[in-house]
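Results of the structural survey
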Amino acid sequence: PPEIAPGIYEIDLGAPGDERFIGWGWHWQEDIGATRWRWSGEYPQARLYVDLEPGAYRLTLAAQAFWEARRLEIEVNGLPVQPIGADQSLEPDVLQEMSFTIPASVLGDGRHIEIVLAYDDVVVPAQVGQSDDPRRLALAVDWIRLAREDG
């Protein structure tokens, strides 16, 4: 992903070119006011793919839940990574930041890294009377940053 500061890489979900990093589970780009993002929820998990320099990283994302609070877990290369802080839930109607620690051992050589966002449920707006939207929605994600922690 683009390096926005020394050792800090960002995927701006919803921005042109984000398709290079996303896999299954994401909906189309969407503008909400001044924010452009993507909703996850099409599949039980949403996937991202990156290459990074080997090392330990802090993964931080800006996201919000649809309709009701959602629990979020992150896996990197098939292994769960630890959240920073006790709360792993995201609330609706406001972007919140959540961070996770990725040990260097999980990244290996840094090639072909798979990041999985696993959420506990989805809601279809049309089924709850919110709109006619038939999509399964879990989390809207604005950006994901990967900050190198070991130099």
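Shown above is the structure to which this text applies.
All of these numbers come straight from a predicted model, not from anything done at the bench. (Residues numbered from 1 in each chain as written. Predicted model: local features only at pLDDT ≥ 70, side-chain atom pairs only at ≥ 80, totals over all residues. Heavy atoms only, no water.)

1. Description of the pairing of strand β12 (residues 113-119)
The test is simple: Think of it in three bands: with a 1.4 Å probe and only protein chains considered, a residue is buried below 20% of the maximum accessible area for its type, exposed above 50%, and partly exposed in between. Here a helix means four or more residues in a row that DSSP labels H or I, a strand means two or more in a row labelled E, and each is numbered from the N terminus. Each pair of strands is called paired provided DSSP finds at least two bridges between the two strands.
Across the seven residues of β12, six count as buried, placing the element largely inside the fold. In this structure, strand β5 (residues 45-50) lies alongside β12, joined through six bridges in antiparallel fashion. Its bridge partner being in β12, R47 is matched across the sheet by V116. In the sheet, strand β7 (residues 70-76) pairs with β12 via five bridges, with the strands oriented antiparallel. By the bridge assignment for β12, V76 is matched with I115.

2. A few points about the pattern of salt bridges
Pairing is possible between side chains that carry opposite charge, provided their charged atoms lie close to one another. So the rule is basically this: When a carboxyl oxygen of Asp or Glu is within 4 Å of a side-chain nitrogen of Lys or Arg, the pair counts as a salt bridge.
Here the structure, examined in full by the defined rule, presents 12 salt bridges. Two residues, D133 and R135, come together in a salt bridge whose shortest N-O distance is 2.8 Å. Judged by relative accessible area, D133 falls into the buried class, the value being 18%. Take R135: its relative accessible area is 8%, and that puts it in the buried class.

3. Structural notes on the packing of aromatic side chains
The condition is simple: Ring pairs are drawn from Phe, Tyr and Trp, using the six-membered ring of Trp, whenever the two centres fall within 6.5 Å, and their geometry is named by plane angle: stacked under 30 degrees, edge-to-face over 60, tilted for the rest. Charge-over-ring placement is defined geometrically: NZ (Lys) or CZ (Arg) within 6 Å of the ring centre, and within 35 degrees of the ring normal.
Across all of its chains, the model carries four aromatic pairs by this definition. Consider the rings of W37 and W39, whose centres lie 5.6 Å apart with planes at 70°: the pair is edge-to-face. W37 gets classed as buried once you look at its relative accessible area, which sits at 5%. Classification of W39 as buried rests on a relative accessible area of 6%. Through a chain of ring-to-ring contacts, the aromatic side chains of W37, W39, F66 and W67 assemble into a single cluster. It is R145 that lies over the ring of W143; its NZ or CZ is 3.6 Å from the centre.

4. Let's talk about the environment of V141
The line we're drawing: Residue contacts follow a heavy-atom distance rule, with two residues in contact if any of their heavy atoms lie within 4.5 Å.
Structurally, V141 can be placed in strand β13 (residues 139-148). In the structure, V141 is positioned 80 residues away from L61 in sequence and 7.2 Å away in space, judged by C-alpha atoms. Residue contacts for V141: discarding those within four places in its chain leaves L13, W26, W37, R38, A62, A63 and L117.

5. Re the environment of D12
Among the secondary structure elements, D12 is positioned in strand β2 (residues 8-12). Residues D12 and P2 lie 10 residues apart in sequence; the distance between their C-alpha atoms is 9.3 Å. If we ignore the near neighbours within four places in the chain, the residues touching D12 are D18, R36, D142 and W143.

6. So, the layout of surface pockets
Note the following rule: Cavity means a closed set of points on a 1 Å grid over the protein atoms alone, one where a 1.4 Å probe fits but cannot get out, pocket means an open set with protein on both sides within 12 Å along at least 5 of 7 lines, and lining means a residue has an atom within 4 Å of a point. Grid points are joined across faces, edges and corners, and a volume is the space filled by probe spheres set on the points. The nonpolar class holds Ala, Val, Leu, Ile, Met, Phe, Trp, Tyr, Cys and Pro. Asp, Glu, Lys and Arg form the charged class, and all remaining residues, Gly among them, are polar.
The space that makes up the largest pocket amounts to roughly 210 Å³. Taken together, 16 residues form the lining of the largest pocket, with W39, Q64, F66, Q130 and L137 sitting closest to its centre. Counting only elements with at least two residues in the lining of the largest pocket, the list comes to β3 (26-32), β4 (35-40) and β6 (57-65). Class assignment for the residues of the lining of the largest pocket results in nine nonpolar, three polar and four charged.

These figures capture arrangement, not role.
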